[in-house]
Amino acid sequence: MSLEPTSNAAGGKNFFGRLFDFSFSEFITGSVIRFVYMLLVVLSGLGALAFLIGGLARGGGAAIGALVFAPIAFLVYVLLARIWLEVLIVIFRIAENTEEIARHMRGRDSG
């Protein structure tokens, strides 16, 4: 995701080039969003597993509660993570599209 026109593979910057681009002319969010989502899903799964193991270790009602609530909590956390990340992507796409519209308007005005 870029604020200025750049070619994709040939002339574009690599990940570390974009990461240390102090002019913020290119976004890295699109490149890392899949990794962040995967990390959040894994962490949610580990949290649900820890909750389940803790409940089973206590036994009785805690075990039943853990069997019911661990999967629900996992799904809720993954859903919230997905929604949050999709909102971020939408914000960056709005920025991209706004830049494209502005570039088009500048070209129309000067031509």
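In what follows, the structure referred to is the one given above.
Quick caveat: nothing in here was measured; it's all calculated off a predicted structure.

**Notes on the overall build of the chain**
Part 1: Scanning the chain for helices and strands turns up 3 helices and 0 strands.
Part 2: In the chain, the succession of α and β elements from N to C terminus is α-α-α.
Part 3: Once local pairs closer than 6 in sequence are excluded, the contacts in the chain between residues at least 24 apart make up 54%.
Part 4: Only carbon and sulfur atoms are counted for the fraction: they give 70% of the accessible area of the chain, which is about 8,200 Å².

**Regarding the packing of helix α2 (residues 29-58) against helix α3 (residues 60-110)**
Part 1: Relative to each other, α2 and α3 sit at 170 degrees, their axes nearing to 8 Å. On the basis of their axis angle, the class for α2 and α3 is roughly antiparallel.
Part 2: Counted by class, the contact of α2 with α3 contains 23 nonpolar, 7 polar and 2 charged residues.

**Let's talk about α3**
Part 1: When the terminal C-alpha atoms of α3 are compared, their 75 Å separation across 51 residues agrees well with the 75 Å that a helix rising 1.5 Å per residue should span.
Part 2: The largest bend along α3 measures about 30 degrees and falls at Phe69, with the proline Pro71 one to four residues further on.
Part 3: Residues of α3 that are buried include every one of Ala63, Gly65, Ala66, Ala70, Val78, Ala81, Leu85, Ile89 and Phe92, and no others.
Part 4: Packing partners of the buried residues in α3 comprise α2.

**Thoughts on the pattern of salt bridges**
Two side chains with opposite charge may pair up if their charged atoms get near one another.
Part 1: Enumeration according to the criterion identifies 3 salt bridges in this entry.
Part 2: Between Arg106 and Glu99 there is a salt bridge, with the nearest N and O atoms lying 3.4 Å from each other.
Part 3: With relative accessibility at 49%, the residue Arg106 sits in the partly exposed group.
Part 4: A cluster of three or more residues bridged by salt bridges with shared partners is formed by Glu99, Arg103 and Arg106.

**Points about α2**
Every α-helical turn comprises 3.6 residues, leaving residues that sit three or four positions apart pointing alike.
Part 1: If you check α2, its first and last C-alpha atoms are 42 Å apart, about what 30 residues at 1.5 Å a residue would give, namely 44 Å.
Part 2: Along α2, the positions that sit buried rather than exposed are Thr29, Ile33, Ser44, Ala48 and Gly55.
Part 3: Structurally, α2 contributes buried residues whose contacts are with α3.

**Things to note about the packing of aromatic side chains**
Part 1: With the rule as written, the count across this model stands at 1 aromatic pair.
Part 2: Both rings, one in Phe15 and one in Phe16, keep their centres 5.3 Å apart while their planes meet at 75 degrees; by these two values the pair is edge-to-face.
Part 3: Residue classification places Phe15 among the partly exposed residues on the basis of a relative accessible area of 30%.
Part 4: Here the guanidinium or amino end of Arg82 rests over the ring plane of Tyr37, the centre of that ring lying 5.3 Å away.

**Section: the environment of Leu19**
Part 1: Locating Leu19 in the fold gives a position in helix α1 (residues 15-19).
Part 2: With 10 residues separating them in the primary sequence, Leu19 and Thr29 have C-alpha atoms 9.9 Å apart.

**Considering the layout of surface pockets**
Part 1: In this structure, the second largest pocket occupies an estimated 250 Å³ of space.
Part 2: Lining the second largest pocket are 10 residues, with Ile33, Arg34, Arg82, Glu86 and Ile89 positioned closest to its centre.
Part 3: Considering every element that reaches the lining of the second largest pocket, the biggest residue donor is α3, with 5 residues.
Part 4: Across the lining of the second largest pocket, the residue classes tally to 5 nonpolar, 1 polar and 4 charged.

Basis of the calculations
- Residues numbered from 1 in each chain as written.
- Predicted model: local features only at pLDDT ≥ 70, side-chain atom pairs only at ≥ 80, totals over all residues.
- Heavy atoms only, no water.
- Helix = DSSP H or I, 4+ residues; strand = E, 2+ residues; numbered from the N terminus.
- Contact = heavy atoms within 4.5 Å.
- Areas by Shrake-Rupley, 256 points an atom, 1.4 Å probe, with all protein chains shown as cover.
- Axes fitted to C-alpha atoms, helices over the stretch in contact; angles between N-to-C directions.
- Parallel < 35°, antiparallel > 145°, perpendicular 65-115°, else oblique.
- Nonpolar A, V, L, I, M, F, W, Y, C, P; charged D, E, K, R; others polar.
- Expected span 1.5 Å × (residues − 1).
- Bend = angle between axes of the 7 residues up to and from the residue.
- Buried < 20%, exposed > 50% of the residue type's maximum accessible area, 1.4 Å probe, protein only.
- Salt bridge = Lys/Arg side-chain N within 4 Å of Asp/Glu carboxyl O.
- Phe/Tyr/Trp six-rings, centres within 6.5 Å; stacked < 30°, edge-to-face > 60°.
- Lys NZ or Arg CZ within 6 Å of the ring centre and 35° of its normal.
- 1 Å grid on protein atoms, 1.4 Å probe; cavity = no way out; pocket = protein on both sides within 12 Å on 5 of 7 lines; lining within 4 Å.
- Points joined across faces, edges and corners; volume = space filled by probe spheres on them.

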